Every structure is written in structure tokens, then in C-alpha cells.
Amino acid sequence: MAEETRQDGTGMRAAVREVYGPTDLSAQPMFAGGFINFGYWRGVDLGLPLGEAERVRSQEDLYRRVLDSAGLPQEPVVLEVGCGLGMGCAVTLREYGPTAVTGLDIHPEQLRRARETHAELLRAERGRLRFVQGAAERMPFGDGEFDAVLSVEAAQHFPDLAAFAAETARVLRPDGRAAVTSFFTVDDVPGRPEELATLLPTFADGLDIARPVAALADAFTAAGLADVRVESIGADVWPGWDLWLSRWWAADTWPRNFRRAYEGRVLDYFVVTAHRP
Ligand SMILES: C[S@@+](CC[C@H](N)C(=O)[O-])C[C@H]1O[C@@H](n2cnc3c(N)ncnc32)[C@H](O)[C@@H]1O
């Protein structure tokens, strides 16, 4: 097995351990506000100069897009898988009236940052917010604990989508909702992983895993989830993300090749929703 794909005792792959380790990726200027996602830009006027406020809004709006798609019940008990610095957990808490929000992440450094960033909120909310270490494929929770399982731009790292889907189905209560957003290949035509590895170093080094979006949808169905829906949101992700990146990177350089992969109909950004019967 290649070094970059090897896992440690916690199931964390080497590339994930390195990228989310001592260097805080969220501090890079292409991200902002503690988030680490490409953003949902529909609410941002791309004809006007973009600043940090617009960039933060795009990342918050990606969370709002997923939360709105989930079909949450009143006062839900929410789990986010791959919560990073927990900025999306804070949006959920502030805007969606949950009973409680749990942020789960595999990386201890990310959780340390989350707890530091939200120290005040954790104190003030007295148990309504918590951050827990664990893998998407082996969640440290009991059966039926959550009304909703969300995940934002983390599933591209999960080595085993079938295990993630099975765990999602297990920790959801009956009629609970799942909503996942991330980037996947549009189909399983042979050669997709190699095409992406040529364009994008994060696929070449094993951080991101090239899989068709149908792999997640099928895994949800196989895990017993119902009403599985796949929606492309790429038109509201890639142009804004690419425009933001153009401040630092010329066309045809990493990471602007994400847009190339989208326009070449290789990769897209999706929201996948389902519910537990
Ligand atoms: C791109 S960041 C997204 C963070 C956050 N959702 C956001 O939008 O700001 C991906 C996160 O997924 C976490 N992660 C990667 N693989 C994981 C796994 N197998 N189980 C749980 N978390 C994982 C990483 O540690 C990282 O914090």
C-alpha cells in the first residue's frame, strides 16, 4: 500500500493527518473565517469585487444549502461528520434552533482548534454543543441518537463510503435525515482517477479520493436509507470558487484545475440527501 494511503490505528490516512495537522489549513487566504470549503456562491454578486466577507458568506451558505436540503424537524439533534473547526456547527446552533449539535472529526488537531475557537460558545451553551473525535466509518455514538447527520466537504476524504453510510443509518433515529455535500466524479468511466490525479495534486497525493457520486447514493440505499436524491450544485460552487482563487493563481494552475475538471464533465459538486425509514 502506498505511504500516502496508509492508515494509523485511528483509521486516519497519512494524507489527512498531514494536511489537517500542525498547519492550520483554515488560516490560508483561500479559506476564511475558520471554514475549509469551496463555498456556495449563489448569494454573492460575482460582478463586484470579492473580499473576505463574501468568502465567509459563501462558506456559511454552503452549510445553509445543506441544512435547508436536509428537511430538519423542529429542534433537531444534529451530528456533523468532518466538522473541521466547527464553524458550521456554530451556524447550525445560531440559525436552525437545534436541541443539540455534535461535531465529529477524525483529526485531534482540528478538534483542538474547534474547542479553542468556540470556547465561549461551549461554555455558554452548556452541553448543546460538543466536539468528539472519531471516524466517519466508526462513529462513537449509540443507535438512533440523531435526527440529522450532515457532512460538508469531508466525504471526499472518507476511505470507505459503505461504512460511512452504514454508520449514518445506524446513528439516525427512524425518519432521521442525512445530507452530504462534497465533490465527486460525475460517472465511473475508467480513467477518472488518473485524469484527476493529472490535474489536481490533492487527488495525486491521496488526500482526495476520486469516486462517482453514485457510489455514495448506492451506499446510502444499501444501508437501508430511503428517498436517496442526488443534486448537482456545481453551477453555484465552481465559478465563484475559481474567481476567488484567481487573486492568487493563474488559469491552468493548481487549484484552478478544479473548474477545468468541472467544465470537462469529470468532477462536480453535489448534495446527496436521504432519510431513514
Ligand atoms: C475540508 S475539511 C471541512 C471542514 C468543515 N466541514 C468545513 O466546511 O469547514 C474536511 C474535514 O474532514 C475531516 N476528516 C477527514 N477524514 C475523516 C474521516 N474519515 N472521518 C471524520 N472526519 C474526517 C478532516 O480532519 C477535516 O477536518
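Keep in mind that this is a model prediction, so the values were computed, not measured. (Residues numbered from 1 in each chain as written. Predicted model: local features only at pLDDT ≥ 70, side-chain atom pairs only at ≥ 80, totals over all residues. Heavy atoms only, no water.)

Novice: How do you make sense of the site of the ligand when you look at a structure like this?
Specialist: As a matter of local geometry, the ligand sits amid 23 residues, with Ile-36, Tyr-63, Gly-82, Asp-105 and Val-152 nearest to it. At 3.0 Å from an oxygen atom of the ligand is found a side-chain nitrogen or oxygen belonging to Asn-37. In this structure, a nitrogen atom belonging to the ligand sits 3.3 Å away from a side-chain N or O atom of Glu-80. Contact with the protein chains removes 98% of the 600 Å² of surface that the ligand exposes when unbound. Looking at the shell around the ligand residue by residue, the class counts come to 12 nonpolar, seven polar and four charged. (Near = heavy atom within 4 Å. Polar contact = N/O pair within 3.5 Å; in protein donor to acceptor, adjacent residues only side chain to side chain. Areas by Shrake-Rupley, 256 points an atom, 1.4 Å probe, with all protein chains shown as cover. Nonpolar A, V, L, I, M, F, W, Y, C, P; charged D, E, K, R; others polar.)

Novice: Even after reading the chapter, I still don't get the pattern of salt bridges, so can you show me in this structure?
Specialist: A side chain with one charge can pair with a side chain of the opposite charge if their charged atoms come near. Inspection of every chain in the model, using the stated rule, returns 26 salt bridges. Here Arg-94 makes a salt bridge to Glu-60, at a shortest N to O gap of 3.7 Å. Of the two residues, Arg-94 is situated in helix H3 (residues 87-95) and Glu-60 in helix H2 (residues 52-70); the sequence distance between them amounts to 34 residues. Here Glu-95 ties to Arg-94 by a salt bridge, and the two come within 3.9 Å at their closest N and O atoms. On the accessibility criterion, Glu-95 (35% relative accessible area) is partly exposed. Through salt bridges with shared partners, a single ionic network connects Arg-57, Glu-60, Asp-61, Arg-64, Arg-94 and Glu-95. (Salt bridge = Lys/Arg side-chain N within 4 Å of Asp/Glu carboxyl O. Helix = DSSP H or I, 4+ residues; strand = E, 2+ residues; numbered from the N terminus. Buried < 20%, exposed > 50% of the residue type's maximum accessible area, 1.4 Å probe, protein only.)

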